[in-house]
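# Descriptive analysis of the structure
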Amino acid sequence: MGLELRVRGLAVRLAFAGVPSARRKLLAEADPLARRLHALDADNRHALTMLARIHLEREEPDQAVPLLERLREVWPMGMFAVETLAKIHYDAGRFEEALPLLDIVAVSYTHLTL
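Residues numbered from 1 in each chain as written. Predicted model: local features only at pLDDT ≥ 70, side-chain atom pairs only at ≥ 80, totals over all residues. Heavy atoms only, no water.

### Focus: helix H6 (residues 95-108)
As a reminder, the rule being used: Secondary structure follows DSSP: runs of H or I at least 4 residues long count as helices, runs of E at least 2 residues long count as strands, and numbering of each begins at the N terminus. Between the first and last residue of a helix there are one fewer steps than residues, each counted as 1.5 Å, and that sum is the expected span. Any residue under 20% of the maximum accessible area for its type is buried, any over 50% is exposed, and the rest in between are partly exposed; the area is computed with a 1.4 Å probe on protein chains only. Here the arc refers to the set of directions running from the helix axis out to each C-beta atom. In what follows, a contact means two residues having at least one pair of non-hydrogen atoms within 4.5 Å.
The end-to-end C-alpha separation of H6 is 19 Å, in line with the 20 Å expected for 14 residues at 1.5 Å each. Turning to H6, its buried residues are Ala 98, Leu 101 and Val 105. Down the axis of H6, the buried side of the element spans an arc of 75 degrees, and every buried residue falls inside it. Projecting away from the buried face of H6 at angles above 90 degrees are the exposed residues Glu 96, Asp 103 and Val 107. For H6, the secondary structure elements touched by its buried residues are helix H4 (61-74) and helix H5 (79-91).

What follows is the structure, given as structure tokens:
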């Protein structure tokens, strides 16, 4: 199976892993694969997403920020980066950075209220 497919599969498994021990095991498996994929293709959205998630799971949001910012550049339609950056900035009290991102999130969900 290709490296990107393995990283994508781990991302799905991580999304549904509720037990902390299962999450830690998946993160340990995903980390070297995502780093290798990122080394091969620094703009790969799956590698950027997984590496950001790994930092978030480890409670290292500031390390996730540059990855999420790059993810926004390479995959502008993806909302994970926008939503996550908004939360990181908001939680850190950086409201001037958070508010424009929250506006994007709000606009992206307006179709749900129609």
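Read on for the rest.
### Describing the environment of Arg 58
Keep this limit in mind: In protein, a polar contact means a hydrogen-donor-capable atom and an acceptor-capable atom, both N or O and within 3.5 Å, with residues adjacent in sequence counting only if both atoms are side-chain atoms; elsewhere, any N or O pair within 3.5 Å suffices.
As for its placement among the helices and strands, Arg 58 is situated in the loop between helix H3 (45-57) and H4. Considered as a pair, Arg 58 and Arg 13 are 45 residues apart in the sequence and their alpha carbons are 17 Å apart. With sequence-adjacent residues up to four places away left out, Arg 58 is seen in contact with Asp 31 and Arg 35. There is a polar contact of 3.0 Å between the side chain of Arg 58 and the side chain of Asp 31.

### A look at the packing of aromatic side chains
Where we set the bar: Any Phe, Tyr or Trp ring, taking Trp's six-membered ring, that has another such ring centre within 6.5 Å forms a pair; planes under 30 degrees apart are called stacked, those over 60 apart edge-to-face, and the others tilted. Put simply, a charge is over a ring when the Lys NZ or the Arg CZ is close to the ring centre, within 6 Å, and near the line of the ring normal, within 35 degrees.
Taken as a whole, this structure holds one aromatic pair when the rule is applied. For the pair Tyr 90 and Phe 95, a centre-to-centre distance of 5.2 Å together with 70 degrees between the ring planes defines the contact as edge-to-face. According to the relative accessible area criterion, Tyr 90 is partly exposed, its value standing at 46%. Just above the ring of Trp 75 sits the side chain of Arg 45; from NZ or CZ to the centre is 4.1 Å.

### Some words on the nonpolar core
Under the convention used in this document: Residues belong to one nonpolar core when they are buried, are Ala, Val, Leu, Ile, Met, Phe, Trp, Tyr or Cys, and are joined through side-chain atoms within 4.5 Å.
The biggest cluster of nonpolar side chains holds 29 residues, and the ones touching the most others in it are Leu 10, Met 50, Ile 54 and Leu 68. For this core, the secondary-structure elements that each account for two or more residues are helix H1 (3-16), helix H2 (20-40), H3, H4, H5 and H6. Beyond its immediate sequence surroundings of up to four residues, Ile 54 is in contact with Leu 27, Ala 30 and Asp 31.

### As for unusual backbone geometry
Of note in the backbone geometry, Glu 59 takes a positive phi value of approximately 60 degrees without being a glycine. We classify Glu 59 as exposed; its relative accessible area is 69%.

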